[in-house]
Each structure stands twice: as structure tokens, then as C-alpha cells.
Amino acid sequence: TRRRMRRTLSEGSASSAQVAEGRAKMQRQAISLGVVAPVVLARRRVAATPAATSSRAPPADQKSHFLGRRPSHGASAPPRGPPSLRAVADAAPARAPRGRGRGGKGGRGGGGGGGSGGSSVDASTSARIQGELTGARDPRDILAIVDADGDAFDPIHTATAIHRIATHTKGDATRESVTSSPSFAALMDLVRANLAGMNSQGLANVAWACARLDHSPGADLLDDITAGLERELTASTNSNSSPAKDPATKPRGRVAKAREVKPQAVSNMVWALGTLRHRPSDDALASIFHAVGPRLASFRAQELTNVVLGAAHMEYAPGEAFNASVYDAVRANHRSFEGQETSNLLWALARIGARAPDELVSTLLEQSAAQNLGGMASALNLSQCLWACAKMGVNPPETYVKAVDAELPRCANRLTTESVDCILWALATMGAPLSADAMDALTSAAARLADRMDAEMLVKTHWALARLRHRPAPGDMQQIVSAARRLADELPADDRLTVMHAWGVLRTNPGDDVIRAYTADFRGEGDGATSGGTPTAESELDGDQAAKLLCAYGRTRHQPPGAHAAALANRLVEEAAEGSLHPGAAVLGLWGASLLNMRMSTKQLDILARNAIAQDKKLAPRSLAKIVWALAALGYDPTPMDLGALKERSAHAMPRLMAKDQEALREALARLGDVQISR
């Protein structure tokens with residue numbers, strides 16, 4: 001008898017398990033086939049019949065505000081739709097499963113839930129609403145549930161609804177359609193009404209959803225969300241740090257324990273605030289980051305990265321203590337960092353003014369190189385990493401540079417204007433040009449994007465190419481010049497001078513008409529002297545600007561008006577006489593004047609030569625050789641004393657010059673009158 005009873009019980013348990021498994025399987029099939037949405041519609045049709053509404057119709061003065069529909073908050077609802085659909089609906093889970101998808105740009109979905117039920121609705125209705133929300137995969141179906149059952153929403157329903165909408169909204173057009181609908185506005189009203197009942201996960205879901213939808217809910221709501229996270233973090237920290245109590249004095253019964261704040265909630269919240277470009281008060285941020293720092297060891301790579309990324313987007317520097325916690329957490333978990341996490345983390349650290357240790361940066365970059373720089377995301381990843389290295393003053397390891405050299409020709413077609421801008425600026429700042437093939441691929445990408453260049457990118461591109469001494473292919477240079485012609489009127493004077501100087505360094509003549517357009521504001525009328533008490537355009541320039549213009553004219557083989565060139569030379573002489581002319585400006589100015597075959601007086605050349613001799617300690621050997629060569633080309637006839645000083649300075653510089661520069665210096669001294677040149 002006992003054996004029969006045990007067998008009967010086991011068979012009954014197996015039968016119950018099979019039924020539950022069958023319902024779950026039906027639910028999964030319905031979701032995969034998109035049958036859940038008809039379930040919702042079927043319920044709405046049944047609820048709209050007189051038989052269904054007579055037993056649960058609310059008073060006339062309690063009409064729902066959700067598109068005029070009645071809230072379904074009856075205790076006993078009639079059968080809903082066909083039996084197969086009822087089985088699917090009844091099998092829907094009462095709680096939402098944790099989300100596993102990546103949360104868009106740097107975020108990760110937090111799943112449903114996020115609060116405690118504070119509604120007076122019975123448990124079965126609450127479970128039904130939650131099941132419909134978690135089963136729906138179309139934002140329109142979720143908004144339909146909001147319209148029908150919004151009055152019965154509790155904090156969990158509200159957080160789940162907006163999170164599911166953000167998860168399943170694809171494309172800009174759909175996003176704009178969803179966020180501009182009256183139903184979404186009603187949902188946001190529910191968010192405000194239920195916000196106080198949400199825990200950290202629910203608050204994070206709301207913030208994350210708003211960021212994914214590119215919808216700003218207002219500063220007040222975001223400040224309330226931040227305050228909620230701060231409260232829970234503080235309570236959790238205090239609970240974990242409280243000293244152990246004597247078991248004899250421990251109160252009996254259940255004691256309320258502070259809810260643990262999950263790393264995912266913190267990560268999504270901070271990332272969302274940064275993405276929405278909302279910066280709470282410094283006190284609130286300081287409290288949050290102070291509480292988060294010691295917890296970073298338990299954060300996954302993406303979660304940790306999103307916290308730092310959020311701080312960077314908020315333009316908030318958490319401080320050295322937080323940065324040290326980040327470094328420790330990365331060291332302990334560096335193998336889990338992939339291309340995107342590495343590039344985002346280094347970029348964010350550079351943005352908040354942190355300087356990561358060299359060994360840590362090298363470890364991450366060498367690992368990124370081994371991971372093929374992130375595959376299809378390599379263009380973005382390498383641009384962010386190079387920019388971060390330049391910003392932090394850390395040289396990337398040789399293995400990473402070799403990987404970039406090999407990858408740039410392959411990913412050049414995927415480079416955006418921002419990527420090209422970052423890479424060129426980083427390479428020029430670090431003074432680290434890549435191989436010829438990589439640089440050609442990079443400049444070809446810049447040429448391809450020339451029609452999308454703005455004024456800032458145009459100037460940075462020219463500045464970087466000049467610093468790197470890389471001259472693009474003629475076809476690529478012409479496309480970049482076309483952007484310069486298009487943007488001439490948008491550039492301030494200093495930026496136009498930077499572009500002109502780059503053309504000179506690269507020995508590129510973009511066309512005399514383009515040069516005249518770029519130098520119009522620097523040209524005065526007449527001989528460059530003051531006329532009637534009104535200073536000319538040239539007299540407003542300093543020596544460095546005048547020198548750059550003269551050198552650019554000479555190197556591009558553009559012949560400026562004679563009076564304009566003479567006025568620029570006068571500015572050089574004036575600053576040299578005052579002793580304020582920079583040695584580099586003297587080199588450029590004299591070099592440009594010699595290339596233009598200008599005629600300068602002996603007095604002017606005496607002043608420039610003596611200024612160069614006086615600044616010998618600041619003058620590089622090759623710069624001195626250029627000055628002596630330029631003085632000879634300009635026909636300078638020095639006094640015996642001045643010639644002796646030039647010979648003495650040249651003798652000290654000679655051993656540090658290359659062979660061709662030594663030969664040029666000897667030839668220049670001979671032209672100046674030195675007939676006793678030792679070889």
C-alpha cells in the first residue's frame with residue numbers, strides 16, 4: 001500500500017511538472033511567433049463587451065485618462081479569448097526575467113521589475129499586467145497596455161513598461177513616433193507618480209530607457225532619480241560597514257536589511273545621466289562616486305567602463321581616490337576587457353583628466369592588438385585609444401602601433417570625420433607618424449570626407465599633416481583644398497594663417513586665388529607703414545605671424561604684392577631690434593624672404609643677423625645653417641666683426657649637422673666673404 005501511495009504521489013508530481021513545462025513551452029512558442037500581441041488585443045475585445053464590463057465597470061466619474069479607455073482592475077475577469085491564447089496568457093510569468101541584451105551605446109538592459117507593488121490591485125491582475133508587458137515585443141503593444149491598464153500600474157509595471165519600450169524600439173523614425181505619442185506622455189506621468197516606490201534597479205531602468213530613447217524627461221525627474229540612487233547607495237554602504245553586534249543583544253524576529261545596489265543598476269544610471277548630458281549637483285555626484293569606488297572590484301568590464309564613461313560625458317572628475325579604484329579593478333579583471341571596453345575606458349579616463357599608469361595602458365592596448373583591435377569596430381576603437389594616449393601623455397606600446405599600421409589600410413573606408421580628426425590630432429601631438437601605407441590610407445580617408453569637413457576639422461587636418469611632414473597624394477590634396485576653398489569665409493584669421501603655414505610646409509600651392517582669399521585680411525594698402533594715423537593690416541601682425549606668411553609665400557611659390565612683402569619684412573626687423581623676435585620666427589622669415597628673392601637693406605639684414613647671433617643658445621644647429629644660407633641668398637654684406645661672429649657660431653654647429661647641411665653652411669659662409677673655410 002505504501003509503495004502504491006508513493007508511486008501515485010510521484011506520478012502526480014511528474015504530471016504537474018509536465019503541465020508546467022508544457023505551458024512554458026507554449027509561451028515561448030507564442031513569443032517567438034509574435035502571438036502575444038493578439039492575446040492583448042483579444043483581452044481588449046472581451047473587456048469591451050457589455051457582459052464583461054457590467055461586473056467591473058467603475059463609476060462614471062472615474063473615467064480613465066488613458067485615451068478614454070476604462071482601466072481593467074476587476075477581481076474576476078471573464079475568460080479571455082480562445083483556449084489556446086488563454087493558455088499562453090496564463091502561462092506568462094508574474095515577474096520579468098533579467099535582461100541579457102546589450103544596452104545600446106555602452107548600456108546594458110536591466111530587465112523588468114524595479115520596485116515594490118504599491119497598488120491596491122489584486123495579485124492576479126498585477127501578474128497579468130506584468131506578464132503582458134514582459135511578453136510584448138512591439139512598442140505599440142506596450143503602449144496599448146498602458147492605455148488600458150495604466151491606472152493599475154505599480155512601480156514594477158511602470159519601470160518594466162518603459163524599459164521594454166526602449167529595448168524594442170529600433171530606428172530614429174520609430175523612436176520619434178513612440179516618444180511623441182500621447183500614450184508615452186501618459187507613461188511618463190506614471191513614472192513620476194511611481195518613482196518614489198522604485199528601488200535602484202527600477203530607477204536605473206527608467207534612466208537607461210530615457211537615454212536609449214534619446215528622450216530627456218526633465219532635470220527635476222533626473223535629479224529625483226539621482227537622489228534615489230544616492231539614498232540606496234548610502235544605506236547599503238552604512239549597512240555593510242556597521243560593526244557586528246553581540247548575538248545576545250540581537251533583537252529577535254526579522255530585521256529589515258538595506259537592499260543591495262547591483263553594479264548593473266549603478267552602471268546604467270551613471271551611463272544614462274552622461275548620455276542625456278545631465279549633470280546633477282557636485283555634492284550628489286561626489287556621494288555616489290565615493291560609495292561606488294570601493295565596489296568597483298565586483299563590476300564587470302562593461303559596467304566599470306560605463307561608470308567612467310558617464311562621468312566623462314557629465315564632465316565630472318571623481319578624483320584620485322576613485323581613479324585608483326578604477327586602476328585596481330582593471331588590473332584584477334583586465335582579461336575580460338574587449339575592444340570596445342578598452343577604447344571607451346581609456347577615452348573616458350583621458351576626458352576626466354586622469355592619467356592611467358603606463359603599464360596598465362600597455363597591458364590593455366597589447367590585449368586589444370591581440371584581439372584584432374575589435375574587428376569591425378576597429379576604426380572607432382583605435383581612434384579613441386590613440387586620442388587617449390596623446391591626451392594622457394602615454395606612448396602606446398610598439399605592438400599596438402604595428403597593429404594600427406596594419407589595420408588602417410583595411411579599415412580606412414569605415415573611418416568617420418571624428419575618427420580621422422582624432423587619429424591625426426593624436427599622431428601629431430605625440431610626434432609619431434605611422435608607416436607610409438597607413439598615412440596614405442589616413443589622408444585618403446580625409447580626402448574622401450572633404451565635403452563633410454567643418455572648419456575645425458579642416459584646420460586640425462592641415463596642422464597635423466604639417467606637424468607630421470606628410471604630403472598627401474596630389475588627388476587627395478586637391479580634395480582637401482576644395483574643402484579649404486569652401487570654408488574660407490568661416491575661418492578666423494589665426495586659423496587661416498595655420499592653414500597657410502601648412503601649405504608652405506607641405507610645398508603645396510592650392511591656387512593663387514585661394515591664397516589671396518586666405519591672406520586678404522593680412523594685406524594692407526600701400527607700403528605697410530601707417531597712413532594718416534591708421535595702422536595697416538601688416539602692422540597688426542606680430543613677428544611670428546609675419547614670418548609664417550613670408551615662408552608660406554616662398555614655399556608655395558606665390559608672389560605676393562611687393563608692398564605687402566616689404567611690410568611683413570619690416571615687422572620682423574622691428575621685433576628683432578626690440579629683442580623680442582623668436583628664433584623660429586627669424587628662421588622662417590629670412591627663409592621665406594630668400595625664396596621670394598626680396599631686396600632688403602644692409603641695415604635690416606645687420607639687425608636680423610645680430611639677433612640670430614645673440615640667440616645662439618636658443619637656436620638649433622640646422623636653424624642657424626638656414627639663417628646663414630638665407631642671409632647669403634639675400635646678398636648680405638656683413639662687417640668683419642659680424643662675419644667673425646657668424647663663423648664662430650657656425651664652427652660650433654658644424655659637428656652636429658648632417659653632411660649635406662654642412663656643405664650648404666660652408667657654401668653660404670663663402671658667399672658672405674669667408675675664403676678660409678676648413679673642410
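Above this text is the structure in question.
Please read all numbers here as calculations on a predicted model, not as lab measurements. (Residues numbered from 1 in each chain as written. Predicted model: local features only at pLDDT ≥ 70, side-chain atom pairs only at ≥ 80, totals over all residues. Heavy atoms only, no water.)

1. What about the environment of Thr416?
Structurally, Thr416 is set in the loop between helix H19 (398-411) and helix H20 (417-430). Look at Thr416 and you get partly exposed, because its relative accessible area is 36%. Along the backbone, Thr416 and Ser383 are 33 residues apart, and their C-alpha atoms lie at a distance of 10.0 Å. (Helix = DSSP H or I, 4+ residues; strand = E, 2+ residues; numbered from the N terminus. Buried < 20%, exposed > 50% of the residue type's maximum accessible area, 1.4 Å probe, protein only.)

2. So, the nonpolar core
Core analysis: the biggest nonpolar cluster contains 188 residues, and Leu304 and Tyr518 have the highest contact counts within it. With 9 residues, helix H18 (residues 378-392) is the largest single contributor of residues to this core. Apart from residues lying up to four places away in sequence, Leu304 is in contact with Leu296, Phe299, Val326, Ala329, Val330, Phe337 and Leu345. (Core = buried A, V, L, I, M, F, W, Y, C linked by side-chain atoms within 4.5 Å. Contact = heavy atoms within 4.5 Å.)

3. Side note on the pattern of salt bridges
Once their charged atoms are close, side chains differing in charge can pair, the charge on each being opposite to the other. Counted by the stated rule, this structure contains 25 salt bridges. Arg610 serves as the salt-bridge partner of Asp642, at 3.0 Å between the closest nitrogen and oxygen. One end of the pair, Asp642, is in helix H31 (residues 640-653); the other, Arg610, is in helix H29 (residues 602-614), and 32 residues separate them in sequence. Arg649 serves as the salt-bridge partner of Glu648, at 3.9 Å between the closest nitrogen and oxygen. A residue is classified by how much of its surface remains accessible, and Arg649, at 23% relative accessible area, is partly exposed. A single salt-bridge network, built from bridges that share partners, covers Arg128, Glu132 and Asp149. (Salt bridge = Lys/Arg side-chain N within 4 Å of Asp/Glu carboxyl O.)

4. A few points about the side chain of Ser383
On the secondary structure map, Ser383 appears in helix H18. For Ser383, a relative accessible area of 2% gives the class buried.

5. Overview of a negative patch on the surface
On the surface, Glu418, Asp454, Asp489 and Glu490 cluster together into a patch of negative charge. For Asp454, the location among the structural elements is in the loop between helix H21 (436-448) and helix H22 (455-468). (Patch = residues over 30% accessible without salt bridge, like charges linked within 9 Å, V, L, I, M, F, W, Y side chains within 5 Å. Areas by Shrake-Rupley, 256 points an atom, 1.4 Å probe, with all protein chains shown as cover. Lys, Arg positive; Asp, Glu negative; His and termini not counted. Charge placed at Lys NZ, Arg CZ, Asp CG, Glu CD.)

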